[in-house]
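Descriptive analysis of the structure
Letter by letter, the chains look like this.
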Amino acid sequence: MIEFEPIAVVRSCFTDKFGIPRQSGLVPAARATLEFHPPYNNAQAFVGLEGCSHLWLQFVFHANRASGFRPRVRPPRLGGNKSLGVFATRSPVRPNPIGLSVVTLEEVVVTGGTASLVVSGHDLLDGTPILDVKPYVPYTDALSNAVNPVAPAPPPTLAVRFSPGAAEQCQAHSPRTGADLTALLTQLLAQDPRPQYQTPDPSRRYAMTLFDLDVAWHYWLAGESYGIEVVSVELVNGER
């Protein structure tokens, strides 16, 4: 039996699984704080890290309800219509629910001898347990000749616009959340969070939770493709 103890927890803008970017780095405006548990929050453990631009985070898919080994899975990137071997994918349905993400290190915050990390470009649910943090090493971690036929390029993005009311709500809630909600939602929704096996339905209203906000949008035709219009950004209790 091998047991691991989480060293930190993620405080994230993503409070629900729906809508989280499918990979890190796709939404640079997404920021999170890594709060370290004692004794791992000792500031001495972070000396030298402030010079690094990016980090590897090893974490637990703590909200993954799937159980048991599945030799084949249906990756969301392929629309859920094609199955592949689990080890050929980054599906969260794994023999051990461990994930790996590269994030941008924004700041090492030291207070009274303890430290926390502020990162961006993440794809982590609020409350995610962190198992380890390692510095990204460019000369070995960035391989120019690497090949992955399943994910050869970044996914295409959609145009995103805001209704007048939603634009005002973003401006009103941005100071409280500490995020540029217009930029964050534009980058996030451009990734098209709907299940890829669904055809966009302009008559359907979609919604996700971000921070303590309910974000609602619908699709609109943009030439031969689709775009997204954000129609409201309201507090979960319904307040604007």
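The structure presented is a predicted model; accordingly, all values stated were derived computationally and were not measured.

Bringing the pattern of salt bridges into the picture now. Pairing between side chains becomes possible if they bear opposite charge and their charged atoms approach one another. Counted under the stated rule, the structure contains six salt bridges. The residue E106 makes a salt bridge to R31 at a minimum N-O spacing of 3.8 Å. Taken together, the positions of E106 in strand β6 (residues 98-111) and R31 in strand β2 (residues 31-36) put the pair 75 residues apart, joining distant regions of the chain. With relative accessibility at 39%, the residue E106 sits in the partly exposed group. By relative accessible area, which is 40% here, R31 ends up partly exposed. Taking the shortest distance from any N to any O, the salt bridge between D132 and K134 comes out at 2.6 Å. Owing to a relative accessible area of 38%, K134 belongs among the partly exposed residues under this scheme.

Here we take up unusual backbone geometry. For residues besides glycine, phi is generally negative; the peptide bonds are generally trans as well. Cis geometry marks the peptide bond from P38 to P39, where omega comes out at 0 degrees. Of note, the phi angle at F211 is positive, near 55 degrees, even though the residue is not glycine. Among the structural elements, F211 can be located in the loop between β10 (206-210) and β11 (213-222). Taking the relative accessible area as the measure of exposure, F211 reaches 23% and is therefore partly exposed.

Turning next to the sheet that holds β10. A sheet is described by the order of its strands in space; here four strands give the open sequence β9-β12-β11-β10, paired in mixed fashion. The open sheet has two free edges, formed respectively by β9 (159-162) and β10, since each of these has just one partner strand. Adjacent strand axes in the sheet meet at a mean angle of 30 degrees when their direction is disregarded. Here β11 runs beside strand β12 (residues 225-235); their pairing, made up of ten bridges, is antiparallel. Residue pairing in the sheet places L213 in a bridge with L235 of β12. Helix α2 (residues 164-177) rests against β9, β11 and β12 of the sheet, and its axis sits at about 55 degrees to β12. Against the sheet, helix α3 (residues 181-189) contacts β9, β10, β11 and β12, and its axis sits at roughly 125 degrees relative to β10.

So, about the packing of aromatic side chains. Under the criterion given, the structure shown has six aromatic pairs. Taking the centre distance of 6.1 Å and the plane angle of 15 degrees together, the rings of Y206 and W217 count as stacked. Of this pair, Y206 sits in strand β10 while W217 is found in strand β11, placing the two residues eleven residues apart along the sequence. According to the relative accessible area criterion, Y206 is buried, its value standing at 5%.

Turning our attention to the side chain of S163. Looking at the secondary structure, you find S163 in the loop between β9 and α2. The class of S163 is buried, set by a relative accessible area of 13%.

Definitions and limits used
- Residues numbered from 1 in each chain as written.
- Predicted model: local features only at pLDDT ≥ 70, side-chain atom pairs only at ≥ 80, totals over all residues.
- Heavy atoms only, no water.
- Salt bridge = Lys/Arg side-chain N within 4 Å of Asp/Glu carboxyl O.
- Helix = DSSP H or I, 4+ residues; strand = E, 2+ residues; numbered from the N terminus.
- Buried < 20%, exposed > 50% of the residue type's maximum accessible area, 1.4 Å probe, protein only.
- Pairing = 2+ DSSP bridges.
- Axes fitted to C-alpha atoms, helices over the stretch in contact; angles between N-to-C directions.
- Contact = heavy atoms within 4.5 Å.
- Phe/Tyr/Trp six-rings, centres within 6.5 Å; stacked < 30°, edge-to-face > 60°.

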